[in-house]
Each structure stands twice: as C-alpha cells, then as structure tokens.
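Structure assessment
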Amino acid sequence: MSDLKSALGEAAAAAFAAEGLPADYGRVVPSDRPELADFQCNGALAAAKAARANPRDIAGRVAQRLRADPRLASVEIAGPGFINLRTSDAALAERAEAVAADERAGAEQVAEPRRVVVDYGGPNVAKPMHVGHLRASIIGESLKRLFRFRGDQVWGDAHFGDWGFQMGLLIVAVGDEGVAPETLTLEDLERLYPPAAARAKAEPDYRDRARRATAELQGGREDYRALWRRFVEVSRTALQREFAALDVRFDLWKGESDVDALIPGMVADLQAKGLLLDDQGARIVRVAQEGDKRELPPLLVISSEGSAMYGTTDLATVLDRKQSLGAQLTLYVIDQRQADHIEQVSRAAYLAGYAEPGSLEHIGFGTMNGVDGKPFKTREGGVLKLHDLIETARAKARERLQEADLGADLPAEEFESIARQVGVAALKFADLSAFRGTSYIFDLDRFTSFEGKTGPYLLYQAVRVKSLLRKAKGEGASSGRVRISEPAERDLALILDAFEGALSEAYAKRAPHAIAEHAYRLAQTFSRFYAACPVLGAPDEATRASRLRLAETVLRQLELSLELLGITVPERM
Ligand code: ARG
C-alpha cells in the first residue's frame, strides 16, 4: 500500500514517460499553496530546460494526461509551469481508510532489512553523565526505534567507557586515598575523578603513574582488575537508573573492555596487513587520504606504555560487531566534536577490511547551549549532571501541570508518573524538533509549556483524543467507514497520508526531526478539525462514525510518532 503522494508521483512519472520525457520529472510534493492545491509537480520546468522546450507546453501535455486519473478532482497549471493537483474526496477517503485499517498507520517497511547497530549514549565509568550524553541518548534512542520500526534488525549498544586511561587514573586516585575496594561508592568515584583528571593534566609524574596503572590493569594485574570490577559495578547500576528515567533502553550494554581479548589478534592482523607503523614507541595506523582538506592524524593503536586506547577498543568493537552480530551498518551517535575520532576509526576499519566502506556512519549533533551560547552549564558554572537535569525537568513539569490544573484529581502516584512523562517529553521533543546538527538553547520554561511546538503540547493533544474516544465509548458510539467532505476533514486525510513521507525522510537522513515535525502538524491539524467538525455531535450517524474513525487513526499515528521519538503518552492528565 503506497501513500497518495507517491502514488500520484507514479502517475505523473508515467505521464512524463508517455510524453517521451524522463519519468523522474514526475516527482510530486505537497503543495506550497494549500489553498490552491494538495500536491504539485514541478518537473515540467526542469524537463523543458533540458529539452529546450516551453515549460507551460510540457506542463499542459502532462496535465492533460493526469486529468484522466480518477483520484484527481482537478489538475491546473500555474505560473511558469507548475502542475497543481487537487485530489478527490473519494481518493482521500480511500487513503484515510487504508491508513485506519493499517496497524502501522500507513508506514511502509524496508524491502531489504539490514543488521544495524546503533552505538549511542556512551556513558563512562565514574564520570557522571552530562548534557552531551543526554543528546546522544535521546537521538540514538529515537534512531534505534525508527530503524527497528522500518524493519531492520537493530541493536542499541551503550558502548560503556570502562577501559583506557580513565581507569588507570581512578586506580591511582583510589589507591592514594586508601579507600577499601569493597566500600567504594559512586560518590567516591565522582569525588575522586575530577581532581585526578586535573592533576594528570598538570603533573607529568602523576599522569605517568596513571598510564602505567592503565597498562597494568589491561595486562591483567589481579588487584587492579578487582578494583576495576567494583568501579564498573557501581557506575553501571547508577547509570542504568538514569537511562531508565529517560525511557532509554539498550539491547546491549557492552563495554570497551569487552573487546579486550580481541586486541592482540587484531594488532597482529594489522601488523600482517602492513598497516601498523612504529611512531616513537607507539603503534599507529595512518589514515590520512589524498584530497583531505586538512591532515587527519593517525589512529593510535598501542601507546608507548603498551596500552590500548579509545580508538583501539573502537576498532576492535567494529570487528566484534561484524563477527558476533554480522552488522551491516553502524550508526555512531556521538557529539560532533568526536568527528575526527570516528573518521580515524572508520578509515582504519575499512583499510583493514573490518567493515564495508561507508557502513560506519557518524551521526553527529550540535551542543545544547546556555543562554550565553556556550555548552550548557549549571549556575555554579559546572557541567550539569544528567540526573539533576531530569529531576529539574520533572519538577518543572509538576509545576506546569498544576498551573494548567491538569491531573489535580488523579491519585498521587499517577500524577507523579505523568509529571515524569511530561518532563521527559519536554526534554526529548525540544532536542528532536530541530535537525540534530543544529545547536539549541536550553530553555526549560519553553520546553515544558503546554502551548507551542513542545512535547507537553503533543501529549496534551494526544490525551484529548483519548478522552474523546473514551467518551464516545461511554455513549456507545462506534466508528465506521471514513467519508470526507469538509475542508478540515480533507486536511486531516492529507496529513495522515504524509506520515510515510516523514518517516522515510527521517530514515534516509537519520534525522528524527522529520517525525517531530509530522507529529506537531498532525496535532495541529486535528485541533483545527476538532474545532470545525463536531464528532460526537455530528449531524448524522455515518458522519459521526467516520469522524470517530479519523480520530482513532490520528491517535494511533500520533502515539506511534511520539513512540519513535522515545516519548510515551499517558492515559489521561
Ligand atoms: N564514552 C565516550 C564519551 O563519553 C563516548 C562513546 C561513544 N561511542 C564510541 N563508540 N566511541 O565521550
């Protein structure tokens, strides 16, 4: 079942072909001027340019053919040669009916599913998560859900930062402090880590001790391993709680350390392939290429102390995902600032034959900034911890609900869970409503508002539809075949048809904002429909049944869209 936009595109393509012109000029898009048309085709302009012909003439001939299409109520030529298409009420009703009958609400699946890893979140041992991890978690969770919904086989992997230099630093810091491993808590780690990191930057001796500890840990020194296991355990428990609070769920919680056993073999393999070079005692892979605008530094595989590095575990993870999952595509959802790192790892992986060229993609994103335009900090100037951020959003959501007099009569426990959902929706929707590459300003007041393009607005609209449907049920009103006659009904059918286009764009560009945009337009269109077309008070039973069916379908599509953004709709508010 294809969407109306694509089906009309096929008809236009056939019309161009029948005129002896390339079929790809037949692309159909939503109209720029909804008051004039539902869709438009601009292909006659390009076709005329290529054929040195008159665009209005080509448009006229193509339009004449399209007029025979029963799905079109009118086909007009506008301006220099745009073809404006107005669909018939019957065609819209038929498409809306098909969307209504489809449990996927009109969304297609990929023809050839792939095995896809989404590497996102990227939390670290001992270091509290900050807003960079927030964006990675939100965007990654959405992409994971989207790819799975499109039919791919998907694994979301946290790629826990539990190996490398930070571990050596902690070992030294904990040792100097004399904390017994069994009593070590996350608070200890969070207290000890920042000064240790600062000290390693300032004091070469301290840094060298940490480097040696890292190498010894990796080499298997038992007391270090025991200490490290404790670090991992306490950090992981706390982190998983934070992710759960955000409705972020990983399928795999693999750590950098999990590929440790693969490293010696990989190093030997890189050596055998002639890719490993000696660089003042360290071992590197050169990844610069001809045509690079600036020189990309080599990938550091083994440090001069003999340790595996951040890039080493990443490279071995590529190998592991190929061997154990058969991964065909990997999306690295990581801050734009790690673009070079991912580029180094990817190029090394392609050179070594660990992944198909092009199959490792960096899904970068901008930063979440404060009003000063710099990456968001707390009022005290520190990096905001994710945990505190979620709590702040939840508190604000509670306040907003009370202001709007929502949920006041609900049991306290349910109210709390709604406040959490509203807070999460506010954070996630704000993050996903613009293209991921764009940085945005953190403005909790705006994010949590029930008005405007926000998560809470969308939840509120969805809950309204739910309550309408409950009321209908209570009155014994049932839904029936879709009929379309009012302009507001036409608009609703058109927006329901646009779901597929939004998902395919989001999938192709790895860009959830297309789904966010659709959800917002759908909610707004429904709101206008609801104001213009009484549902329970419809003039006759068939109209009421049709409008109820439209409302049910809007709800399904809205909930699905939000679910793909990682947002859950409460039953009521
Ligand atoms: N732990 C890293 C950090 O906090 C992010 C990990 C991203 N994923 C990866 N495969 N490198 O910066």
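First, a word on what this report is: a plain description of the structure on this page. (Residues numbered from 1 in each chain as written. Predicted model: local features only at pLDDT ≥ 70, side-chain atom pairs only at ≥ 80, totals over all residues. Heavy atoms only, no water.)

Looking at the layout of surface pockets
- Volume-wise, the second largest pocket comes out at about 700 Å³.
- If you trace the second largest pocket, you find 27 residues lining it, with Pro-30, Leu-494, Ile-495, Ala-498 and Arg-521 closest to the centre.
- Mapped by element, the contributors of at least two residues to the lining of the second largest pocket are β1 (28–30), α17 (487–509) and α18 (513–532). (1 Å grid on protein atoms, 1.4 Å probe; cavity = no way out; pocket = protein on both sides within 12 Å on 5 of 7 lines; lining within 4 Å. Points joined across faces, edges and corners; volume = space filled by probe spheres on them. Helix = DSSP H or I, 4+ residues; strand = E, 2+ residues; numbered from the N terminus.)

Notes on the site of the ligand
- What surrounds the ligand is the set Asp-119, Gly-122, Asn-124, His-133, His-159, Tyr-310, Asp-314, Tyr-332, Ile-334 and Gln-338.
- Measuring from an oxygen atom of the ligand, one finds a side-chain N or O atom of His-133 at 3.0 Å.
- Contact distances for the ligand include 2.8 Å between an oxygen atom and a side-chain N or O atom of Gln-338.
- Against a free-state accessible area of 340 Å², the protein chains account for coverage of 87% of the ligand.
- By residue class, the composition of the shell around the ligand is three nonpolar, five polar and two charged. (Near = heavy atom within 4 Å. Polar contact = N/O pair within 3.5 Å; in protein donor to acceptor, adjacent residues only side chain to side chain. Areas by Shrake-Rupley, 256 points an atom, 1.4 Å probe, with all protein chains shown as cover. Nonpolar A, V, L, I, M, F, W, Y, C, P; charged D, E, K, R; others polar.)

What to know about the nonpolar core
- Phe-16, Leu-66, Ile-83, Phe-231, Leu-401 and Met-573 are the most contacted members of the largest nonpolar core, which has 158 residues in total.
- Judged by nonpolar contacts, the second largest core, of 28 residues, contains Ile-263, Leu-296, Ile-302 and Ala-355. (Core = buried A, V, L, I, M, F, W, Y, C linked by side-chain atoms within 4.5 Å. Buried < 20%, exposed > 50% of the residue type's maximum accessible area, 1.4 Å probe, protein only.)

Some remarks on the packing of aromatic side chains
- Applying the stated criterion across every chain, the model contains 15 aromatic pairs.
- Look at Phe-376 and Phe-442: their rings are 4.4 Å apart centre to centre, the planes differ by 55 degrees, and that puts the pair in the tilted class. Of this pair, Phe-376 sits in the loop between β12 (368–369) and α13 (386–403) while Phe-442 sits in the loop between β13 (440–441) and α15 (444–447), and the two are 66 residues apart along the sequence. Assigned by exposure class, Phe-376 and Phe-442 land together as buried.
- When the centroid spacing of 5.7 Å and the interplanar angle of 85 degrees are considered together, the rings of Phe-442 and Phe-447 count as edge-to-face.
- For Phe-442, a relative accessible area of 13% translates into the label buried.
- Note on Phe-447: relative accessible area 4%, which makes it buried.
- The aromatic ring of Phe-149 is capped on one face by Arg-104, whose charged end is 4.1 Å from the ring centroid.
- In this arrangement the basic side chain of Arg-150 is found over the ring face of Tyr-507, its NZ or CZ atom lying 6.0 Å from the centre. (Phe/Tyr/Trp six-rings, centres within 6.5 Å; stacked < 30°, edge-to-face > 60°. Lys NZ or Arg CZ within 6 Å of the ring centre and 35° of its normal.)

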